[in-house]
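Spelled out, the chains give:
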Amino acid sequence: MLVVMPLLLLIICGYAANFNVSSVKAAVVGPRASQLAAQLPSRLTADLIGFPEDRWEDLQSWSERLMRTDSITFDTDAFTGVVGAITPWNGPLVTMAWKLGPALATGCTIVVKPAEQTPLSLLRFVQLAQEVIPPGVLQVITGDGVPAGQRIVEHPDVAKVAFTGSTKTGGEIMRLCSEPIKRLTLELGGKSPNLVFADAELDDAVPSSVWSIYYSAGQSCEARSRVLVERPLYDDFVAKFSELASGLKVGDPLDPETQVGSLISQEHRDRVHGYVE
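Visitor: What am I meant to see in unusual backbone geometry here?
Guide: Comment: phi is negative for the bulk of residues other than glycine, and the bulk of peptide bonds are trans. Cis geometry marks the peptide bond from V146 to P147, where omega comes out at 20°. In this fold, P147 is placed in helix 7 (residues 145-154). Despite not being glycine, I181 has its phi angle at roughly 55°, a positive value. A residue is classified by how much of its surface remains accessible, and I181, at 71% relative accessible area, is exposed.

Visitor: When you look at the pattern of salt bridges in this model, what are you seeing that I'm missing?
Guide: Opposite charge on two side chains makes pairing possible when the charged atoms of those side chains draw close. Tallied over the full model, the rule gives 6 salt bridges. Residue R271 pairs with E267 through a salt bridge whose shortest N-O separation is 3.7 Å. Taken as a pair, R271 and E267 lie in helix 11 (residues 266-276) at a separation of 4 residues, close to a single helical turn. A residue is classified by how much of its surface remains accessible, and R271, at 38% relative accessible area, is partly exposed. Overall, the relative accessible area of 57% leaves E267 in the exposed class. Connected through salt bridges with shared partners, the residues E172, R175 and E179 form a single ionic network.

Visitor: Teacher, can you tell me more about the side chain of Q219 here?
Guide: Here Q219 shows up in the loop between helix 9 (202-214) and strand 7 (226-229). For Q219, a relative accessible area of 10% gives the class buried. Engagement of the side chain of Q219 in a polar contact is seen with the backbone oxygen of S262, the distance being 3.4 Å. Apart from residues lying up to four places away in sequence, Q219 is in contact with W89, N90, S262, L263, I264 and H268.

Reading the values: rules and limits
- Residues numbered from 1 in each chain as written.
- Predicted model: local features only at pLDDT ≥ 70, side-chain atom pairs only at ≥ 80, totals over all residues.
- Heavy atoms only, no water.
- Helix = DSSP H or I, 4+ residues; strand = E, 2+ residues; numbered from the N terminus.
- Buried < 20%, exposed > 50% of the residue type's maximum accessible area, 1.4 Å probe, protein only.
- Salt bridge = Lys/Arg side-chain N within 4 Å of Asp/Glu carboxyl O.
- Polar contact = N/O pair within 3.5 Å; in protein donor to acceptor, adjacent residues only side chain to side chain.
- Contact = heavy atoms within 4.5 Å.

Okay, structure coming up:
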């Protein structure tokens, strides 16, 4: 944890310093961000921000080609304003990075509310961030979704809301944002299947299918809820899948040998157990 958070801080500041599409400027970060960006491994940028460094050059090239066409184009340096970000318990740091990077890059301030189950890592991150980010640019509020998250969404000074979490809560946030017509980004849950076709290599398909379900004890928005296997491969796939899944070591998440750790809370454990029952 002590290593991950400084790296994440470098990644976010590097993201802001390298955001050069059109005339958007990251003035809020200043020259220190460019110095940090020079030390930033590009692979980490791609992994955590989700957009490889070399793709920014492609995007810049595309925008320049567009401006050479027979059309009228213009850009502005206008920023959105205050961004309210609400993050989930199953990925508190990385989802915060996805929201904070673009906000800083476009000159916005941001107020983050972590999930009530996992506030400590984000609080520590904000402590570290004060060394490189001007006072007041990044603030954090802890508490339950109601009232803390609701107050962020409803506050008249918050111009944009970015939320990662459940579909039900996302729908309520959309309703609250619709009355003043605030800008809104939602990343909600899903029930994605894993598809395995008859020409698949079992040695590749089986392990990837197992881990796509049991990674992080299944507590991930992209975790597969089911596997759909083409009939010619079905029997062999089920046998190999069952063998591998039954051998996973369940135990203490602090034990390096553990492959499937605990669920986030007793309440969540009871909900999952109810699905099994």
